[in-house]
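Fold and contact review
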Amino acid sequence: MYNLKKVIKNTASIKLLYVEDNEEARVATLAVLAEFFTDIVVAVDGEDGFEKFNKNKIDLIITDINMPNLNGLDMTELIRKTDKDIPILLLSAYSEIEYFRRSIHLGVDGYLLKPIDLTQFLELLTKVVEKIRLKKELKENLNFLEQYKAIANQKTLISKTDLEGIITYANDLFCSVSQYSRTELIGQNQNIIRHPDSPASIFEEMWHTIKVDKKTWEGVVRNRTKDGSSYYVDTIIQPILDLDGNILEYIAMRHDITMVMNSKRQFLDYIKTAKQAFVVQIKIESFDNLQRYYGYEFSSIIESKLSAILEDNMYEKLHFESFFTLDNGNFSFVKECPGSDEIQNTIDGLKEFQKFINTLHIEINAIHYDVAILICVSYANNVYENVKYGMKQLVRNKQNFLVTNDIAQEVHRVADHNLKILTKVKEAIENSKIISFFQEIVDRDGVLCKYESLVRLVENDGSVMAPYFFLDIAKQGKYYTQITSNVLENSFNALNSLTCDVSINLSAIDMEDKHIREKIYKLLEDSGEKAQRITFELLEDEDMKDFEVIKTFIIKVKSYGVKIAIDDFGAGYSNYERLLDFQPDIIKIDGSLVKNIESSNFSVSIVKSIILFAREQKLTVIAEYVENEKIFHILKELGVDYFQGYYFGKPTSLE
């Protein structure tokens, strides 16, 4: 049973050519056709029908066979010469076998006998409508495909290869970028554009993906043009399969990303593929300050102008092969490493070149900027890491030229050592091997008054590691606050077994950590009056980020009766103004002043000034690193209140 509404809906947009010479039959048949078609072109014979077919955009033809001038079959034959696919239904009162044979030969889509049988008509009409729909869909898809192809050809490098990788098609853009003509490409292996320095592993992975797995491969590939220069393409390669899953060919679409390719990536590619690279890293001196004080736009102009100057002047003089503008005021020249006799000549030439550049002035909007550059050179293994770490060393040591071939090795050695220490810290925390040793602090008569809690790490073999060897390394990981947490617990537990005061070291990192602060408040609350025997020794350092948080912390712990000491006063970042902000009760003189006090008048003067300041502010003074009796007496005469050092006892376990 046919759904008439659905059939009528599908035929509503179809333009019909109806050809019939008999007026009576034409009127009767049109009455039926009008129920299905809203756009009907009527012709009265074959000639009229052929003429109207050529003048109108017809989707379907229904025609009588026996007509004067040009019969339906002859008209169909003419139409088939220009349109082999248009659906045609023949309408006749006769069922002659010869008509059937010829209609089959002409590829008509159906044969209707007069008068029209509605069931037969609907059956044929349903099939014809589906054919028209598919034809329109295919035409639209082909139209879209042509438009997509036109767009893709403007921005995309497209090629096809056969199963052996032989190029069978290349679009214009592919030819333009590769510098090969289409004639030079067709019939050649795809390797014609492969850069010889590209890792073979990339292409092994690619062929396995598209040939074995029959999947799409994506990746960035370095290719080579006809003149030998490099270009980078973001590539997609798709195997084209038949219905049985067999590969027919491969199609590749590429986008040229050479201009947007990260310059650093190209720099690293050069180093990776060079037999032995000679690398020169150049940095604009104090570039970070330049950005900070004069802004990004000004510093970018300086960077751009200097880049042009470097490139124009370096190539000719020292025969470098490539120049790269990197980021943050960095540039690099590279070439294959010259012979040993030429290396020193190149280095001497670089020093002269540096002197020349450092005499230049760059003018921007009537402002003159004096250029200064730092240069780091490496030509052994790990050249990239050598110049990277070498440049940091130049900045740190305030130098301007360095040749280094082993700094990367040293950095790796230190990194390996640090990782081993971090592993030991992790294991110590997990196994409760972070302990506290305690060192005596005595008064002017040598009588024990308090202990300082000092962290130690017990290794697997039972040996004890001092904080000098692991604490700063732990600060770079997540374990530092866990160490502090253990020390706090150790120290407050010791408070229960001692009758004297206990000093605990706290860094800025500790005080700014919310969990550590809350742990301290809880321990103080639980300790009751014993909290008054706690002293927190504050380690003032450059890691301090939020001084207001620290001030609030100090005020709160002092409300429990806790005393505040400033450790290592007289060196580093300490200053008198910040000292008053901490509201301390005690200051501890830095050990570097104490150790030299026997022989250094400068140390004596500094210690005197600290003690004088402390007296005026009513602060207690402790001297640490008291190693012998003579130092003890000197400090005692200067007015120090308390003393700590090996002369009185080394740090040890309370047990």
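For the structure itself, consult the block above.
Let me begin by describing the structure that accompanies this report.

**Comments concerning the overall build of the chain**
On a plain count of helices and strands, the chain comes out with 23 helices and 26 strands. Its C-alpha atoms give the chain a radius of gyration of 45 Å, clearly above 26 Å, the size a compact globule of 655 residues would have. By principal-axis analysis of the C-alpha atoms, the chain measures approximately 140 × 70 × 60 Å. When the 655 residues of the chain are sorted by exposure, 44% land in the buried category. Taking all contacts inside the chain whose residues are at least 6 apart in sequence as the whole, residues at least 24 apart take part in 60%. Across the chain, the mean location of the 77 positive side-chain charges is 1 Å away from that of the 100 negative side-chain charges.

**Focus: the pattern of salt bridges**
The full count for this structure, using the stated rule, is 24 salt bridges. A salt bridge links Lys424 to Glu459; its shortest N-O distance comes to 2.7 Å. Of this pair, Lys424 sits in helix H14 (residues 407-430) while Glu459 sits in the loop between strand E19 (448-458) and strand E20 (464-465), and the two are 35 residues apart along the sequence. Here the salt bridges share partners, and the residues they tie into one network are Glu452, Glu537, Lys588 and Glu624.

**Observations concerning the sheet that holds strand E1 (residues 15-19)**
With respect to topology, 5 strands assemble into an open sheet ordered E2-E1-E3-E4-E5, the strand pairing being parallel. For this open sheet the edge positions go to strand E2 (39-43) and strand E5 (110-113), each flanked by a neighbour on one side alone. Strand-to-strand twist in this sheet, taken as the mean axis angle between neighbours without regard to direction, amounts to 20°. Sheet topology note: the E1/E2 ladder contains 5 bridges and is parallel. Each bridged residue has a counterpart across the sheet, and for Val19 the counterpart in E2 is Ala43. Docked against the sheet, helix H3 (residues 46-55) engages E1, E2 and strand E3 (60-64), running at close to 140° with respect to E2.

**Topic: the packing of H3 against helix H4 (residues 72-82)**
The contact between H3 and H4 brings their axes to 9 Å, and the two run at 20°. By the criterion of interaxial angle, the relationship of H3 to H4 is roughly parallel. Crossing handedness for the pair H3 and H4: right-handed. Across the interface between the two elements, Gly46, Gly49, Phe50 and Phe53 of H3 pack against Met75, Leu78, Ile79 and Thr82 of H4. Its residues assigned to classes, the contact of H3 with H4 shows 5 nonpolar, 3 polar and no charged.

**Topic: the sheet that holds strand E17 (residues 401-403)**
Judged by pairing direction, the sheet is mixed, and its 5 strands sit side by side in the order E12-E13-E11-E16-E17 without closing on themselves. Edge positions in the sheet fall to strand E12 (322-325) and E17, since each has one partner strand and no second. Each strand axis lies, on average, 15° off the axis of its neighbour in the sheet, ignoring direction. Pairing analysis gives 4 bridges linking E12 to strand E13 (residues 330-336), with the strands arranged antiparallel. Bridging across to E13, Phe323 finds its partner in Phe333. Across the sheet, helix H13 (residues 383-397) lies against strand E11 (277-284), strand E16 (373-378) and E17, angled at about 145° from E16, the strand it touches most.

**Points about the layout of surface pockets**
Space inside the largest pocket adds up to approximately 1,100 Å³. Looking at the largest pocket, it is lined by 34 residues, and the ones nearest its centre are Leu454, Pro467, Asn505, Asp567 and Tyr625. Those elements that place two or more of their residues in the lining of the largest pocket are E19, helix H15 (471-475), helix H16 (480-497), strand E21 (501-507), strand E23 (563-569) and helix H21 (591-595). Per-element accounting of the lining of the largest pocket gives the leading share, 5 residues, to E19. Along the lines of polarity and charge, the residues of the lining of the largest pocket split into 14 nonpolar, 9 polar and 11 charged. By volume, the second largest pocket is sized at about 600 Å³. In this structure, the second largest pocket is lined by 24 residues; those nearest its centre are Lys283, Asn330, Met391, Lys392 and Val395. For the lining of the second largest pocket, the elements supplying multiple residues, two or more each, are helix H10 (263-273), E11, helix H11 (287-318) and H13. In terms of residue count, the dominant contributor to the lining of the second largest pocket is H13 (7 residues).

**Describing the pairing of strand E8 (residues 217-224)**
Sheet topology note: the E8/strand E9 (residues 230-241) ladder contains 8 bridges and is antiparallel. Within E9, the position partnered with Arg222 by the bridge is Tyr232.

**With respect to the state of the cysteines**
Evaluated as defined, the whole model comprises 0 disulfides. Free cysteine Cys376: the closest other cysteine sulfur is in Cys337, separated by 14 Å. Accessibility expressed as a relative area gives 0% for Cys376, which makes it buried.

**A few points about the side chain of Ser378**
Within the secondary structure, Ser378 is located in strand E16. Within the structure, the side chain of Ser378 is placed 3.3 Å from the side chain of Asn386, a separation counted as a polar contact. Residue contacts for Ser378: discarding those within four places in its chain leaves Ala277, Phe278, Val279, Val383, Asn386, Val387, Thr404 and Asn405.

**Brief notes about the packing of aromatic side chains**
With the rule as written, the count across this model stands at 20 aromatic pairs. Ring geometry for Phe278 and Phe320: centres 6.1 Å apart, planes at 50°, overall tilted. Of this pair, Phe278 sits in strand E11 while Phe320 is found in the loop between H11 and E12, placing the two residues 42 residues apart along the sequence. We classify Phe278 as buried; its relative accessible area is 0%. Here the aromatic rings of Phe643 and Phe648 are separated by 6.5 Å at their centres, their planes lie at 40°, and the arrangement is tilted. An aromatic cluster is defined as three or more aromatic residues linked by ring pairs; in this entry it consists of Phe278, Phe320, Phe323, Phe331, Phe333 and Tyr379. Here the basic side chain of Lys335 rests over the ring of Phe278, its NZ or CZ set 5.8 Å away from the ring centre.

**Section: the side chain of Gln281**
Secondary-structure assignment places Gln281 in strand E11. Residue classification places Gln281 among the buried residues on the basis of a relative accessible area of 8%. In this structure Gln281 touches Phe267, Leu326, Asn330, Phe331, Ser332, Leu374, Ile375, Cys376, Val387 and Met391, once residues within four positions along its chain are discounted.

Conventions used here
- Residues numbered from 1 in each chain as written.
- Predicted model: local features only at pLDDT ≥ 70, side-chain atom pairs only at ≥ 80, totals over all residues.
- Heavy atoms only, no water.
- Helix = DSSP H or I, 4+ residues; strand = E, 2+ residues; numbered from the N terminus.
- Rg over C-alpha atoms; globule rule 2.2 N^0.38 Å.
- Buried < 20%, exposed > 50% of the residue type's maximum accessible area, 1.4 Å probe, protein only.
- Contact = heavy atoms within 4.5 Å.
- Lys, Arg positive; Asp, Glu negative; His and termini not counted.
- Charge placed at Lys NZ, Arg CZ, Asp CG, Glu CD.
- Salt bridge = Lys/Arg side-chain N within 4 Å of Asp/Glu carboxyl O.
- Pairing = 2+ DSSP bridges.
- Axes fitted to C-alpha atoms, helices over the stretch in contact; angles between N-to-C directions.
- Parallel < 35°, antiparallel > 145°, perpendicular 65-115°, else oblique.
- Left-handed = near helix turned anticlockwise from the far one by under 90°.
- Nonpolar A, V, L, I, M, F, W, Y, C, P; charged D, E, K, R; others polar.
- 1 Å grid on protein atoms, 1.4 Å probe; cavity = no way out; pocket = protein on both sides within 12 Å on 5 of 7 lines; lining within 4 Å.
- Points joined across faces, edges and corners; volume = space filled by probe spheres on them.
- Disulfide = S-S within 2.5 Å.
- Polar contact = N/O pair within 3.5 Å; in protein donor to acceptor, adjacent residues only side chain to side chain.
- Phe/Tyr/Trp six-rings, centres within 6.5 Å; stacked < 30°, edge-to-face > 60°.
- Lys NZ or Arg CZ within 6 Å of the ring centre and 35° of its normal.

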